[in-house]
Amino acid sequence: MRNRQWAFILLIAFVVFLSGCSTLQKARQSDALEQEIQRLQSENNALEREKNQAVEKAQGLEDEARKLREENSELDRKRQSEVQEIKDKSLSDLEKAKAELEKSLAKELGEYKAKLEMTERGLVITLLAEIFFDSGKDVIKVEGESILKRLATVLNTSAVKSNIAVEGHTDNEPIKYSGWKSNWELSSARALSVVHYFIDKFSVKPERFSGAGCGEYRPVADNATPKGKQKNRRVEIVILPSSVKKIKAASE
């Protein structure tokens, strides 16, 4: 009987012992779980801070980008305004030159020996070649000298800031007796004669000029008629807009 009692007591003690171990294990697991939760929470807080910092940085970059866009837009508006102002000033200068030439070339314009046009290229003065040259020649005649003197006055006053292009043109008659290889050479020589005359006689600055011979390849009339051939034999003096170089500089 006594042995049974001790056995029962030992059994109870063993059960209590096992129960205690289980409770201790659960407590340890709970502690470990709590630590893991705290670690994850800490990592989450760190990630949240990093996210907030990234959002703030992105917002700052967006604000900076917007500011730069606004500054660029303002610069573009100012640049466009400056370019337009230069264009308007250049056009005003050419219009003034055109008005002066209409007066000084009134006789030639009235006789249809000259023509003035405002084009995209600039102010184009078209003069019949017979005003300046004898057939097949590149020596400027007295009548041509008078016209070039009047043109030079405008080039050295109203259009002093403009460059000048001089082009020689011929009809399609092939060269036979004058000794030129072709109409290319004749038209080029005539254009350069006009350029040199402006420079040598009237002191127009040489760096303002370009000279070109176009031969028979840019007709303005039908070469099938004498009147058409006469129109095609011409010298074109183009006063270029003074804004060309300034606009390029303003856009750089």
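So, a few notes on the structure that sits alongside this text. (Residues numbered from 1 in each chain as written. Predicted model: local features only at pLDDT ≥ 70, side-chain atom pairs only at ≥ 80, totals over all residues. Heavy atoms only, no water.)

**Considering the overall build of the protein chain**
Then, number 1: Regarding its fold elements, the protein chain presents seven helices and five strands.
Then, number 2: Mapped from its N terminus to its C terminus, the protein chain presents α and β elements in the order α-α-β-β-α-α-β-α-β-α-β-α.
Then, number 3: Across the 252 residues in the protein chain, those meeting the buried criterion constitute 29%.
Then, number 4: Pairs at least 24 apart in sequence give 70% of the contacts found in the protein chain among residues at least 6 apart.
Then, number 5: With the model as given, the accessible surface of the protein chain reaches about 17,000 Å², and the carbon-plus-sulfur share is 55%. (Helix = DSSP H or I, 4+ residues; strand = E, 2+ residues; numbered from the N terminus. Buried < 20%, exposed > 50% of the residue type's maximum accessible area, 1.4 Å probe, protein only. Contact = heavy atoms within 4.5 Å. Areas by Shrake-Rupley, 256 points an atom, 1.4 Å probe, with all protein chains shown as cover.)

**Focus on the packing of helix 4 (residues 142–155) against helix 5 (residues 183–202)**
Then, number 1: It is the contact of helix 4 with helix 5, at a shortest axis distance of 10 Å, that shows an interaxial angle of 70 degrees. Between helix 4 and helix 5, the crossing angle belongs to the class labelled roughly perpendicular. Here helix 4 and helix 5 pass one another in a crossing that is right-handed. Here helix 4 contributes Glu145, Leu148, Lys149, Leu151, Ala152 and Leu155 to the contact with helix 5, which in turn contributes Val194, Tyr197, Phe198 and Phe202. (Axes fitted to C-alpha atoms, helices over the stretch in contact; angles between N-to-C directions. Parallel < 35°, antiparallel > 145°, perpendicular 65-115°, else oblique. Left-handed = near helix turned anticlockwise from the far one by under 90°.)

**So, the packing of aromatic side chains**
Then, number 1: All chains considered together, the criterion is met by four aromatic pairs.
Then, number 2: Aromatic pair Phe198 and Phe209: ring centres 5.7 Å apart, planes at 20 degrees, arrangement stacked. With Phe198 in helix 5 and Phe209 in strand 4 (residues 209–213), this pair connects stretches of sequence that are 11 residues apart.
Then, number 3: Residue Phe209 is classed as buried on the basis of its relative accessible area, which comes to 14%. (Phe/Tyr/Trp six-rings, centres within 6.5 Å; stacked < 30°, edge-to-face > 60°.)

**Quick look at the pattern of salt bridges**
Then, number 1: Going through the model one piece at a time under the given rule, you end up with 13 salt bridges.
Then, number 2: We note a salt bridge from Glu236 to Arg234, for which the minimum N-O separation is 2.9 Å.
Then, number 3: On the basis of relative accessibility, which here comes to 10%, the residue Glu236 falls in the buried class.
Then, number 4: Given a relative accessible area of 3%, Arg234 falls into the buried group.
Then, number 5: A single network of salt bridges, built from pairs that share partners, joins Lys107, Glu111, Lys113 and Glu143. (Salt bridge = Lys/Arg side-chain N within 4 Å of Asp/Glu carboxyl O.)

**Description of helix 4**
Two residues of an α-helix separated by three or four positions point the same way, owing to the 3.6 residues in each turn.
Then, number 1: Here helix 4 spans 20 Å end to end across 14 residues, near enough to the 20 Å set by a 1.5 Å rise per residue.
Then, number 2: Here helix 4 has its buried residues at Gly144, Ile147, Leu148, Leu151, Ala152, Val154 and Leu155. The buried residues of helix 4 occupy one face: seen down the axis, they fall within an arc of 150 degrees. Of the exposed residues in helix 4, those oriented more than 90 degrees away from the buried face are Val142 and Lys149. (Expected span 1.5 Å × (residues − 1). Arc of directions from axis to C-beta.)

**Considerations on helix 5**
Then, number 1: Helix length check: helix 5 (20 residues) gives 28 Å between terminal C-alpha atoms against 28 Å at 1.5 Å per residue, within 8%.
Then, number 2: Buried residues along helix 5 sit against helix 3 (129–132), helix 4, strand 3 (164–169), strand 4 and strand 5 (234–239).
Then, number 3: Looking one or two residues past helix 5, Ser203 carries a phi angle of roughly 55 degrees, positive in sign.

**Observations regarding the pairing of strand 3**
Then, number 1: Most of strand 3 is tucked away, with six of its six residues classed as buried.
Then, number 2: With burial as the criterion, each face of strand 3 is covered, one bearing Ile164, Val166 and Gly168 and the other bearing Ala165, Glu167 and His169.
Then, number 3: Pairing geometry for strand 3 and strand 4, over five bridges, is parallel. For Ala165, the partnering residue across the bridge sits in strand 4 and is Ser210.
Then, number 4: At this point the chain moves from strand 3, through helix 5, to the parallel strand 4, and the crossover so formed is right-handed.
Then, number 5: With six bridges joining them, strand 3 and strand 5 adopt antiparallel strand pairing. Along strand 5, the bridge assignment pairs Glu167 with Glu236. (Pairing = 2+ DSSP bridges. Right-handed = clockwise from strand over helix to strand, strands pointing away.)

**A short note on the environment of Trp184**
Then, number 1: Residue placement: Trp184 occurs in helix 5.
Then, number 2: On the basis of relative accessibility, which here comes to 42%, the residue Trp184 falls in the partly exposed class.
Then, number 3: Contact partners of Trp184, with chain neighbours within four places excluded, come to Gly213, Cys214, Gly215 and Tyr217.

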